[in-house]
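One letter stands for each residue in the lines below.
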Amino acid sequence: MVAGLLLASRTGEDLLKPLEPEELMLERLLPGGRPRAKSSWEPPLFPLLPRPVLEQTQSVLARWDNPYLPFAREVEELRLSRVLYERRPDLPGRVLSRVHVATLLALELLRAAGEGGDRHGLRRLLEAYVAQATEEPAI
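Residue positions are given per chain, counting from 1 as you read along its sequence in written order. The predicted nature of this model means local features are confined to residues of pLDDT at least 70 and side-chain atom pairs, given and counted, to a pLDDT of 80 or more, with totals for whole chains, interfaces and linings taken over all residues. Each side-chain value is worked out from all heavy atoms of the structure, with water and hydrogens disregarded.

S.K.: I would appreciate a short explanation of the environment of A37 in the present structure.
M.R.: Starting at the N terminus, helices and strands are each numbered in turn, a helix being any DSSP run of H or I of at least four residues and a strand any DSSP run of E of at least two. Following the sequence through the fold, A37 ends up in the loop between α2 (26-29) and α3 (51-64). Overall, A37 belongs to the exposed group, its relative accessible area being 58%. Excluding residues within four positions of it along the chain, A37 makes contact with H100 and Y129. Each residue gets one of three labels from its accessible area relative to the maximum for its type: buried under 20%, exposed over 50%, partly exposed in between, using a 1.4 Å probe on protein chains only. Any two residues having at least one pair of non-hydrogen atoms within 4.5 Å are treated as being in contact.

Here it is as structure tokens:
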């Protein structure tokens, strides 16, 4: 999965830079204060990798290996997945497959900040969004 995503996105070495504190700010995680949509990208089953992509894949796995990586559908989710896993290691696959990692991480940051402040409404919005995304689809 990681290899297919890296091959499709053609990211450079900047992908492997450590996360900057700005990348974990709510404004960056939720542009416009709205939940982020999960990409519908599907990884190729057997990607043929050039050597540089293989090496980059190995570096990503060495740096950010965690159980949430298989649910990433874009490079930003790869980068944020480890932080989310460290904060909330018990998220079910159903949630991870339907909700963007940035949205889940923003919700965890809001929960850690406590109940007060003007962000309470945003927290409730994100909680409702995650709850809706985890419901069984009607047939």
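That shown, we press on.
S.K.: Can you walk me through the packing of aromatic side chains in this structure?
M.R.: Remark: the centre distance and the inter-plane angle together describe each pair of aromatic rings, the angle taken between the planes. Here a pair means two rings of Phe, Tyr or Trp (six-membered ring of Trp) with centres within 6.5 Å. Their orientation is stacked below 30 degrees between planes, edge-to-face above 60, and tilted elsewhere. In total, this model carries one aromatic pair according to the counting rule given. Ring plane angle 85 degrees and centroid distance 5.3 Å describe the contact between Y68 and Y85, whose orientation is recorded as edge-to-face. Within this pair, whereas Y68 is found in the loop between α3 and α4 (75-87), its partner Y85 is found in helix α4, the two being separated by 17 residues in sequence.

S.K.: Honestly, the environment of R63 in this entry has me stumped. Any pointers?
M.R.: With respect to the secondary-structure elements, R63 resides in helix α3. Between the C-alpha atoms of R63 and P18, which are 45 residues apart in sequence, the distance is 9.3 Å.

S.K.: Whenever I open this one, the packing of helix α6 (residues 101-113) against helix α7 (residues 120-133) confuses me. Can you help?
M.R.: When two helices pack together, you describe them by how their axes are tilted relative to each other and by the distance separating the axes. Where α6 contacts α7, the two axes come as close as 10 Å, and the packing angle between them is 135 degrees. The orientation of α6 with respect to α7, classified from their angle, is oblique. Between α6 and α7 the crossing geometry is left-handed. Residues T103, L104, A106, L107, L110 and R111 of α6 lie in contact with α7, whose contacting residues are L122, R123, L126, E127, Y129 and V130. By residue class, the composition of the contact of α6 with α7 is eight nonpolar, one polar and three charged. Between N-to-C directions, angles span 0 to 180 degrees; the directions come from axes that are lines fitted to C-alpha atoms, helices contributing only their stretch in contact. Oblique is the label for every angle not falling under 35 degrees (roughly parallel), over 145 degrees (roughly antiparallel), or within 65 to 115 degrees (roughly perpendicular). Crossings are classed by handedness, with left-handed meaning an anticlockwise turn of the near helix from the far one by less than a right angle and right-handed meaning a clockwise turn. Residue type decides the class: Asp, Glu, Lys and Arg count as charged, Ala, Val, Leu, Ile, Met, Phe, Trp, Tyr, Cys and Pro as nonpolar, and the leftover types, Gly among them, as polar.

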